[in-house]
Amino acid sequence: MVFASLEFLTLFLPLFLLVYAAVPASWRNAVLMFSSWIFYGWWSPLLLLLFIALILVGWIGGMAIDSTRTERQRMLMLVAFITINLSVLCWYKYANILVETFNQVLSWSGAMPVPWQKIALPIGLSFIVLQSISYLIDVQRRVVPADRSLVNFGAYQAMFVHLIAGPIIRYDWVARELRERTVDWPQFTQGARRFMIGFGMKVLIADTLSPLVQTAFSLSAPTFLDAWLGCFAYSLQLFFDFAGYSAMAIGLGLMLGFHFPENFNHPYLATSIQDFWRRWHLSLSSWLRDYLYIPLGGNRKGEARTYVNLLLTMAIAGLWHGGDNWNYLLWGIAHGLALAGTRLWGHASLPEPPAVLSRVLTLLFVMLAWTLFRAHSFGSALDMYAGQFGLNGYALGDALRVQLRPAHVMAMVLGVLCIVYPAMDAWLARGGRPALLRAWDGAWPVAGFLLGFSLIASRGAVPFLYFQF
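In this report, the structure presented in the accompanying data block is examined. Computed from a predicted model, the values in this text were never measured in an experiment.

## Quick notes on the side chain of Ser 5
(1) Moving on: Considering the arrangement of structural elements, one finds Ser 5 in the segment before α1 (6-22).
(2) Moving on: Beyond its immediate sequence surroundings of up to four residues, Ser 5 is in contact with Ile 456 and Ala 461.

## Points about unusual backbone geometry
(1) Moving on: In the Ramachandran plot, Arg 142 falls in the positive-phi region, its phi being about 65° despite a non-glycine side chain.
(2) Moving on: Relative to the helices and strands, Arg 142 is located in the loop between α5 (125-140) and α6 (150-158).
(3) Moving on: For Ser 349, which is not glycine, the phi dihedral falls at a positive 55°.
(4) Moving on: Inspection of the secondary structure assignment puts Ser 349 in the loop between α13 (327-347) and α14 (355-374).
(5) Moving on: A relative accessible area of 63% means that Ser 349 is categorised as exposed.

## Observations regarding the nonpolar core
(1) Moving on: With 139 residues, the main nonpolar core has Phe 3, Phe 8, Phe 160 and Trp 370 as its most contacted residues.
(2) Moving on: No other element matches helix α9 (residues 224-256), which puts 17 residues into this core.

## With respect to the state of the cysteines
Simply put, disulfide is the name for a covalent bond between the sulfur atoms of two cysteines.
(1) Moving on: Under the criterion given, the structure shown has 0 disulfides.
(2) Moving on: We note that Cys 231 lacks a disulfide partner, and the nearest cysteine sulfur, in Cys 418, lies 19 Å from it.
(3) Moving on: Classification of Cys 231 by relative accessible area gives buried; the value is 1%.
(4) Moving on: Look at Cys 418 and you get partly exposed, because its relative accessible area is 37%.

## A word on the packing of aromatic side chains
(1) Moving on: Taken as a whole, this structure holds 45 aromatic pairs when the rule is applied.
(2) Moving on: A centroid spacing of 5.7 Å and a plane angle of 20° characterise the contact between Phe 8 and Phe 12, whose relative ring orientation is stacked. With Phe 8 and Phe 12 both in helix α1 and 4 residues apart, this pair spans about one turn of that helix.
(3) Moving on: Since its relative accessible area comes to 9%, Phe 12 is described here as buried.
(4) Moving on: Both rings, one in Phe 199 and one in Phe 449, keep their centres 4.8 Å apart while their planes meet at 50°; by these two values the pair is tilted. Of this pair, Phe 199 sits in helix α8 (residues 185-216) while Phe 449 is found in helix α18 (residues 435-459), placing the two residues 250 residues apart along the sequence. The two residues Phe 199 and Phe 449 agree in class, both being buried.
(5) Moving on: An aromatic cluster is defined as three or more aromatic residues linked by ring pairs; in this entry it consists of Phe 3, Phe 8, Phe 12, Phe 16, Tyr 20, Phe 39, Phe 160, Phe 195, Phe 199, Tyr 245, Phe 449 and Phe 453.
(6) Moving on: Seen from the ring of Tyr 20, Arg 28 lies directly overhead, with NZ or CZ sitting 5.4 Å from the centre.

## Examining the pattern of salt bridges
(1) Moving on: Inspection of every chain in the model, using the stated rule, returns 12 salt bridges.
(2) Moving on: A salt bridge links Arg 142 to Glu 71; its shortest N-O distance comes to 2.9 Å. Of this pair, Arg 142 sits in the loop between α5 and α6 while Glu 71 sits in helix α4 (residues 71-108), and the two are 71 residues apart along the sequence.
(3) Moving on: Judged by its relative accessible area of 44%, Glu 71 is partly exposed.
(4) Moving on: Among the ionic pairs, Asp 290 bridges to Arg 170, the shortest N-O distance being 2.9 Å. With Asp 290 in helix α11 (residues 282-293) and Arg 170 in the loop between α6 and α7 (171-179), this residue pair connects regions lying 120 residues apart in the sequence.
(5) Moving on: What emerges from the salt-bridge pattern is a single network uniting Asp 66, Arg 74 and Arg 148.

## A look at α14
Given 3.6 residues per helical turn, the α-helix brings residues three or four places apart onto the same face.
(1) Moving on: Spanning 20 residues, α14 covers 28 Å between terminal C-alpha atoms, matching the ideal 28 Å at 1.5 Å per step.
(2) Moving on: On the buried face of α14, the contacting elements are α8, α9, α10 (273-277), α12 (303-321), α13 and α15 (378-388).

## Here's the deal with α12
(1) Moving on: The end-to-end C-alpha separation of α12 is 28 Å, in line with the 27 Å expected for 19 residues at 1.5 Å each.
(2) Moving on: Of the positions making up α12, those classed as buried are Thr 306, Tyr 307, Asn 309, Leu 310, Thr 313, Met 314, Ala 315, Ala 317, Gly 318, Trp 320 and His 321.
(3) Moving on: At its buried positions, α12 is contacted by α4, α5, α10, α11, α13 and α14.

What counts, and at which threshold
- Residues numbered from 1 in each chain as written.
- Predicted model: local features only at pLDDT ≥ 70, side-chain atom pairs only at ≥ 80, totals over all residues.
- Heavy atoms only, no water.
- Helix = DSSP H or I, 4+ residues; strand = E, 2+ residues; numbered from the N terminus.
- Contact = heavy atoms within 4.5 Å.
- Buried < 20%, exposed > 50% of the residue type's maximum accessible area, 1.4 Å probe, protein only.
- Core = buried A, V, L, I, M, F, W, Y, C linked by side-chain atoms within 4.5 Å.
- Disulfide = S-S within 2.5 Å.
- Phe/Tyr/Trp six-rings, centres within 6.5 Å; stacked < 30°, edge-to-face > 60°.
- Lys NZ or Arg CZ within 6 Å of the ring centre and 35° of its normal.
- Salt bridge = Lys/Arg side-chain N within 4 Å of Asp/Glu carboxyl O.
- Expected span 1.5 Å × (residues − 1).

See below:
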């Protein structure tokens, strides 16, 4: 079940909200936990058992760490429970590609491949594991006490609001609201408005561009226009899909009395690659900083070690994103090299380029990296790069000419306007916000939601891109 589907909007969400509002406040965590199990089990009842097992591992692990008497025991217990979590993640996420790579090596040497049945990746597994690890580390560091209530901890881990595709919510952020939170009408309407905004971003822009992206990245010899149109459309699709999901999660959280931090801050307006990672998927970038980069030594162990830590952190970030091909690892290394290059440029006291040029160069790098990220294989990424550098001609190819519709152009124009609007907002508001603009601010989320609802009723739901991660 996904947020942008008829069964969620017309069945699950209304029933859940009715029960959630009707029961006493002390029962709401239990309602939230069991409803979230139904939400997850809708996709796969069998893998729900794995999901519940991971919740139990996290809950027991927190109490086990908290009950130790020495720091050494505390650390050993932490390592043990993190190993369990990572073992589950690695099995489901990387076993396929490791066996496929091994079989490829065997085929080069003329040997018979190892028989292998592909393993399905449980949705949301990466987010569940990262949340569990952050909780265990925070208990070990004494940032938070171990939660003795299985219902409270289960509600935190299972919460359908952020279960499938983040944001990665740390226990520390919601610990107080798990014990006591306010659920009132003003906050509910504020959350509903945020949910409708995210819904519109997902359905009106991301889902509309999906067929165009699929066609462009399936071409074996894309032209210059084919490749850049596909790359541009994917850059918009990925942002509006993921940022839309995050907005829906934040909105649903508000409706239930939780306050989640923002996950995006206009990333395509970044002026450097460092700035981009301060704006894109903030819950992941801050997780990587606090639980990986800084424990590795961060920038405290000399300049050379800092560059190694940057590369290692981003390489792991790339691997976290996907296990069906090695492109994600290369994408992470590319971002690591870009971060290291930006740092080196600053330390060499070289002149900073103008802000406009910085924005253009940063966006160009991000889009070229998205090509690698989206391509089905390294070979298809090279095909797209050949097109982007004009090696297959420049005119729009037949496949995209047939696929391209006015709706795609409208979605891209709308997407660009939404991206540049924050930069224009201050200028538009000079001398007071016009009445027409104020009316538009209030009406467009509802209009976008109703239009999006009619679209999913006619063309069906499209899964979120970050489900696969």
